[in-house]
Amino acid sequence: MTIRKYATIFSIAGRDQFVYLPSFLVRNVFFLIILFIFYSLWRVVYGDANTIAGFTMVQTLWYLTFTEAIELSQTRIFNPISQEVKDGTIAYSIARPYSYVLYWICRGMGENLVKVVPLLLEGFLIATIMVGPLPGYLSALPFGLIVIAGGILVGTTLQAIIGLLAFWFEEVMPFWWIVQKLIFVIGGLFIPIDFYPDWLARIARATPFAFAAYWPASTWVAFSRERFLITIGGQVFYLALFALVAALLFRAAVRKLHIQGG
Amino acid sequence: MEPAIQVQGLRKEFRLRTKQPGLKASIRGLLRPEYRTVEAVRSISFQIEPGEVLAFIGPNGAGKSTTIKLITGILYPDAGTIRVLGLDPHRSRKALAYRIGTVFGQKSQLWFHLPPADSFQLLGSIYDMSRKQTQTRVGFLSEVFEIGDLMDQPVRKLSLGQRIRCEMAASLIHSPQILFLDEPSIGLDVVVKQRIRDLIGRINREEGVTIFLTSHDAGDIEKICRRAMVINHGSIVWDGSVKELKYSLLNRRIVDVKMDGPATIEMPGVTVVKRKEYALKLDVDLSIATTESVITALMRQSAIQDITISSAPMEEVISHIYARGKGDT
């Protein structure tokens, strides 16, 4: 019964998202532009080299379509959460028989997964035209979809945490900027982490940010069983950790609400 | 029968952080924050029986919404006890959520781009109802609220009146025993307002739902509620029947009279509000003067063409109570 509740939230959010889909696709001209810039940039960087850090030019560009799809698909759920906290309407939302944090994560994921599908299709077309097909694309597809969904979930859970910070901070946007930039750089959204010096790459690979970009994307472009299992394992680990953090934050937040009023 | 809501010696204070203007004070505030205590609710007690229709009135900041939040378990009281349907709302917030419903005029629980049917389905599953249960219930509600035709239209295409009807149906999906309505008629035109009032009355009669209504609209209170409770500065300043509130609390009558010739009146307890040719509008304080003596005095001067005697409008009654509450503190 309880699972059905969240499944319905997820599917309604997805249905709701279809209304926005046309405007979303138009906005994704950005996706095309950024991939073109990456393409031009990496063509120069690769020059005559066949591979860099084990990645071919084809793999690198496909990698970037995947990381960008993860990033661009994510609804900014910290916005409505922090808004509800600030204007006090959260008081009414938490009076319903569901977990507030889980509600927003399910709602966000419903929207994200509707958006990520066209992004992956666009990426497929653009990358195929620019650098040609990705070897092993189809055989890695089911695994790739799972870890990409996992990556989006890691990012969404981080956003829920950022939204809850509005109980303590007037403005939560800076927190999102920091996390987003960490995902860009440490998480490997702009560049496969393997390109970094070894010591930095080791650290970066272990961070949650890498499990929201590098690991899922690299699983698809350079598929191996081990890589897939590491990705899933890391995502599960960080999701459990973030879920715990979110639950503790929420409890502290409700207590704060009791003291200071809605 | 067990009361629907029972509140005893309820108190709630808030700690607000105060800040003096200026940079120096800002830095001091960071190091050693200063707090000011605000008494939002000061030891109030009341009881509401099942099936009652209660208007909970008060100006902004009077403690209205704090009280509702305490009753629904969102806030924790500093002192006093609350029992809602026999439950401690704070300890059993989730259990209580299944048995109460809320409509907040300014906050929608419907999804903007989807037809109401989808939102109803979602709410049904949030309240752990089976698909079939939800269907039956939605069928019943769409008949009562006459929203059958609206079910498949996106909410964004509905008029405000249509939307409010859907909102009310949405908050009744899980057959709550108590319905909290916060400003349900805000922004509606007169005809729609009347319809909403009829619907609230019908839900109360047919399903025995206890209604707890806050409103700034005197018409809402007069037309729907039998009992009114006025809160101001955290204390209940009036609790009684709406009839009493209107007729006895303010012992005043408005007399509109049209005379055949010139007339004037000077009598303790009577003030002339308006005068236009031979027409007079008088405000009569019944604790000092009687309407009869006023009419007699007028008839001595000239014949009366037309007369209406009415009690003071609800708005005035309420603002009078507010003012009185202010005087007490």
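Everything discussed here concerns the structure shown above.
Residues numbered from 1 in each chain as written. Chains lettered and ligands numbered in written order. Predicted model: local features only at pLDDT ≥ 70, side-chain atom pairs only at ≥ 80, totals over all residues. Heavy atoms only, no water.

Some points on the nonpolar core
Which entries qualify depends on this criterion: We call a set of buried Ala, Val, Leu, Ile, Met, Phe, Trp, Tyr and Cys residues a nonpolar core when their side-chain atoms join them within 4.5 Å. Working definition: with a 1.4 Å probe on protein chains only, accessible area under 20% of the residue-type maximum means buried, over 50% means exposed, and in between means partly exposed. Secondary structure elements are defined from DSSP: runs of H or I of at least 4 residues count as helices, runs of E of at least 2 residues count as strands, and each element is numbered from the N terminus. Only heavy atoms enter the contact rule, under which two residues are in contact if any of them lie within 4.5 Å.
Among the nonpolar cores identified, the biggest contains 142 residues, and Phe 66 of chain A together with Phe 120 and Phe 145 of chain B are the most heavily contacted of them. The leading source of residues in this core is helix α6 (residues 100-131) of chain A, at 15 residues. Excluding residues within four positions of it along the chain, Phe 66 of chain A makes contact with Leu 120, Leu 134, Tyr 137, Ile 148, Ala 217, Trp 220 and Val 221 of chain A. Core analysis: the second largest hydrophobic core is formed by 27 residues, Val 7, Ile 82, Phe 212 and Ile 231 of chain B among them.

Things to note about the pairing of strand β8 (residues 227-232) of chain B
Looking along a regular strand, one sees side chains alternate from face to face of the sheet. Residues and elements named next belong to chain B. Here is the rule: Strands qualify as paired when DSSP identifies two bridges or more between them.
Of all six residues making up β8, six are buried, and the element is well covered by its neighbours. For β8 and strand β9 (residues 235-241), the ladder comprises six bridges, and the chain directions are antiparallel. The residue of β9 that forms the bridge with Met 229 is Asp 239. With antiparallel pairing between neighbouring strands as the criterion, β8 and β9 make up a hairpin whose turn holds two residues, including His 233 at a positive phi of roughly 50°.

Some points on the sheet that holds strand β6 (residues 178-182) of chain B
All names here are of chain B. In plain terms, the rule: Whenever a helix is involved, its axis is fitted only over the stretch in contact; in every case the axis is a line through C-alpha atoms, and angles between N-to-C directions fall within 0 to 180 degrees.
Ordered by their spatial adjacency, six strands build an open sheet running β5-β6-β7-β3-β8-β9, and the pairing between neighbours is mixed. Each edge of the sheet is formed by a strand with only one pairing partner; in this case those strands are β5 (100-104) and β9. Averaged over all pairs of adjacent strands, the angle between their axes in this sheet comes to 15°, without regard to strand direction. For strand β3 (residues 53-57) and β8, the ladder comprises four bridges, and the chain directions are parallel. Pairing of Phe 56 across the sheet is with Met 229, part of β8. Sitting on the sheet, helix α2 (residues 64-71) is in contact with β3, β6, β7 (210-214) and β8, with an inclination near 150° to β7.

As for the side chain of Glu 52 of chain B
Residue and element names in this part refer to chain B. What counts is decided by this rule: In protein, a polar contact means a hydrogen-donor-capable atom and an acceptor-capable atom, both N or O and within 3.5 Å, with residues adjacent in sequence counting only if both atoms are side-chain atoms; elsewhere, any N or O pair within 3.5 Å suffices.
Tracing the backbone shows Glu 52 in the loop between β2 (34-48) and β3. Of note is the side chain of Glu 52, whose polar atom sits 2.8 Å from the backbone nitrogen of Glu 49. Ignoring any residue separated from it by four or fewer positions in sequence, one finds Glu 52 in contact with Gln 47, Asn 204, Val 209, Thr 210, Ile 211 and Arg 227.

Here's the deal with the interface of chain A and chain B
By a widely used convention, the size of an interface equals the accessible area lost when the partners come together. To keep it simple, the criterion reads: Once two parts are brought into contact, the accessible area they lose, counted with a 1.4 Å probe and summed over both, makes up the buried area. Here, a salt bridge means any Lys or Arg side-chain nitrogen found within 4 Å of an Asp or Glu carboxyl oxygen.
Chain A puts 31 residues into the contact, and the matching count from chain B is 32 residues. Roughly 3000 Å² of surface becomes buried between chain A and chain B when both sides are summed, with 61% attributable to carbon and sulfur atoms. Joining chain A to chain B, the criterion identifies two salt bridges. Close ionic contact of Lys 5 of chain A with Asp 128 of chain B constitutes a salt bridge, the shortest N to O distance being 3.7 Å. Remark: the boundary between chain A and chain B carries seven residue pairs in polar contact (both at pLDDT 80 or more). Elements that contribute at least two residues to the side of chain A that touches chain B include exactly α1 (2-27), α5 (90-93), α6 and α12 (225-260) of chain A. Here the element with the most residues in the side of chain A that touches chain B is α1 of chain A; it accounts for ten residues.

Points about a nonpolar patch on the surface
For the record, the criterion: Patch membership needs two things, relative accessible area over 30% and no salt bridge, and members are linked within 9 Å if like-charged or within 5 Å if nonpolar (Val, Leu, Ile, Met, Phe, Trp, Tyr). Residue burial considers only the protein chains on display, and all accessible areas are found by Shrake-Rupley using a 1.4 Å probe.
On the surface, a nonpolar cluster with roughly 500 Å² of combined accessible area is contributed by Leu 23, Ile 27, Leu 30 and Leu 31 of chain B. For Leu 30 of chain B, the location among the structural elements is in helix α1 (residues 23-31).

So, the packing of α1 of chain A against helix α4 (residues 116-126) of chain B
Here is the rule we go by: In these notes the angle categories are as follows: under 35 degrees is roughly parallel, over 145 is roughly antiparallel, 65 to 115 is roughly perpendicular, and the rest is oblique. Should the near helix be turned anticlockwise from the far one by less than a right angle, the crossing is left-handed, and should it be turned clockwise, the crossing is right-handed. Side-chain classes follow a simple rule in which Ala, Val, Leu, Ile, Met, Phe, Trp, Tyr, Cys and Pro form the nonpolar group, Asp, Glu, Lys and Arg form the charged group, and the remainder, Gly included, forms the polar group.
In contact at an axis separation of 8 Å, α1 of chain A and α4 of chain B are set at 160° when each is read in the N-to-C sense. Here α4 of chain B runs roughly antiparallel to α1 of chain A, going by the angle between their axes. α4 of chain B is crossed by α1 of chain A, and the crossing has left-handed handedness. On α4 of chain B, the residues that touch Arg 4, Lys 5, Thr 8, Ile 9, Ile 12 and Arg 15 of chain A of α1 of chain A are Asp 118, Gln 121, Leu 122, Ser 125 and Ile 126 of chain B. Residue classes in the contact of α1 of chain A with α4 of chain B are distributed as four nonpolar, three polar and four charged.

So, the pattern of salt bridges
Two side chains of opposite charge can pair, provided their charged atoms sit close to one another. The tally for this structure, following the rule as stated, stands at 14 salt bridges over all chains. Asp 118 of chain B is paired through a salt bridge with Arg 15 of chain A; the nearest N and O atoms lie 2.6 Å apart. Residue Asp 118 of chain B is found in helix α4, and its partner Arg 15 of chain A is found in helix α1; the two belong to separate chains. Between Glu 71 of chain A and Arg 76 of chain A there is a salt bridge, with the nearest N and O atoms lying 3.1 Å from each other. With a relative accessible area of 8%, Glu 71 of chain A lands in the buried category. Each of the salt bridges in this network shares a partner with another, and the network as a whole consists of Glu 52, Arg 227 and Asp 239 of chain B.

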